[in-house]
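# Understanding the architecture of this molecule
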Amino acid sequence: MKAKSGDFVLPGDELGVTEEFIPSEWTYEEEGKIKSLVVGTVSIDEKNKKISIVPKTGTPPVLEPGKVVVGEISDVRGQRASLKIDKIKDDERELVTSFMGGIHISQAQKGYLAKLTEAFRIGDLVQAKVTKVMGLDTVDLTTADEELGVLKAMCTKCRHFMEKRSNNEVVCPNCERRERRKLSVNYEG
Ligand SMILES: [Zn+2]
């Protein structure tokens, strides 16, 4: 499908190909295809070969590089931790779709990290920054900056929230288990 200026589109609708156009505002690229991130109308700038969308409802909150998000770790596997994104920091509006974020081991902290499980565990509440929008519902994240990382750590043994012990260590008030994390300076507890 090839969109024309003024066409009404939904999230995920195909607009054109990257060989022909540059994906611009409220669009994303997937396997060479340009798609819409939001409900809105297509706007094509033929001179500069840019495709963008004019969102139907003003400007909905959409994830883009640089935005800081908060969510819960849903999986830690190999080189990648998955974050179920709940909201954009300091933005109470609901997201247009539910986003999943991925944190690669190289993006978890500054410096070497032997195992990703020494930075995150399932159930942790994490603050992270978007580095790349990979698709309609997938983004790449980093937690390297000091305000980014775990806000609340969940004990892997008894599921209690843990208390900060040092810059990279938390302790469980219930079972006294000690674990490592990539903690945010804003750690709550
Ligand atoms: Zn515990």
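Since the structure is predicted, the reported quantities are computational estimates derived from the model, not experimental observations.

## Thoughts on the coordination of the zinc ion
Put simply, a metal with four donors set out as a tetrahedron has ideal angles of 109.5 degrees, and one with six donors set out as an octahedron has ideal angles of 90 or 180 degrees. Protein-derived coordination of the zinc ion comes from Cys 155 (SG), Cys 158 (SG), Cys 172 (SG) and Cys 175 (SG), at a distance range of 2.2 to 2.3 Å. Taken together, the four donor atoms coordinating the zinc ion and their angles of 100 to 121 degrees define a geometry best described as tetrahedral. Of note, the donors binding the zinc ion are all from one chain and are spaced C-x2-C-x13-C-x2-C. With Cys 155 in the loop between β13 (149-152) and β14 (163-166) and Cys 175 in the loop between β15 (169-171) and β16 (178-180), this residue pair connects regions lying 20 residues apart in the sequence. Relative accessible area serves as the criterion here: at 0%, Cys 155 is assigned to the buried category. On the basis of relative accessible area, Cys 175 is assigned to the partly exposed category, the value being 24%.

## Thoughts on the sheet that holds β16
Strand order in this open sheet of three strands is β14-β15-β16, and the pairing throughout is antiparallel. Single-partner strands in this sheet number two, and they are β14 and β16. Taken pair by pair, the neighbouring strands of this sheet meet at an average axis angle of 35 degrees, ignoring direction. Relative to β15, β14 runs antiparallel, the two being bridged by three bridges. Looking at the pairing, Lys 164 lines up with Val 170 of β15.

## Observations regarding the domain arrangement of the chain
By the assigned domains, the chain splits into domain 1 (8-55) and domain 2 (68-180). Look at where the C-alpha atoms of domain 1 and domain 2 centre, and you get two points 31 Å apart. With seven residues of domain 1 in contact, the opposing surface of domain 2 contributes five residues. Summed over both sides, the interface between domain 1 and domain 2 buries roughly 420 Å², with carbon and sulfur atoms accounting for 73% of that surface. Per-residue buried area on domain 1 facing domain 2 is highest for Pro 11, Tyr 28 and Leu 37; these three make up 71% of the total on that side. One can count zero salt bridges joining domain 1 with domain 2. Our enumeration of links across domain 1 and domain 2 arrives at zero residue pairs in polar contact (both at pLDDT 80 or more). For the side of domain 1 that touches domain 2, the leading source of residues is strand β4 (residues 27-30), giving three residues.

Rules of the game
Residues numbered from 1 in each chain as written. Predicted model: local features only at pLDDT ≥ 70, side-chain atom pairs only at ≥ 80, totals over all residues. Heavy atoms only, no water. Donors = N, O, S within 2.8 Å, 3.2 Å for Na, K, Ca; no water. Tetrahedral: all angles 85-135°; square planar, octahedral: opposite > 155°, others 65-115°. Helix = DSSP H or I, 4+ residues; strand = E, 2+ residues; numbered from the N terminus. Buried < 20%, exposed > 50% of the residue type's maximum accessible area, 1.4 Å probe, protein only. Pairing = 2+ DSSP bridges. Axes fitted to C-alpha atoms, helices over the stretch in contact; angles between N-to-C directions. Domains from an automatic or database assignment. Contact = heavy atoms within 4.5 Å. Buried area = accessible area lost by both parts, 1.4 Å probe. Salt bridge = Lys/Arg side-chain N within 4 Å of Asp/Glu carboxyl O. Polar contact = N/O pair within 3.5 Å; in protein donor to acceptor, adjacent residues only side chain to side chain.

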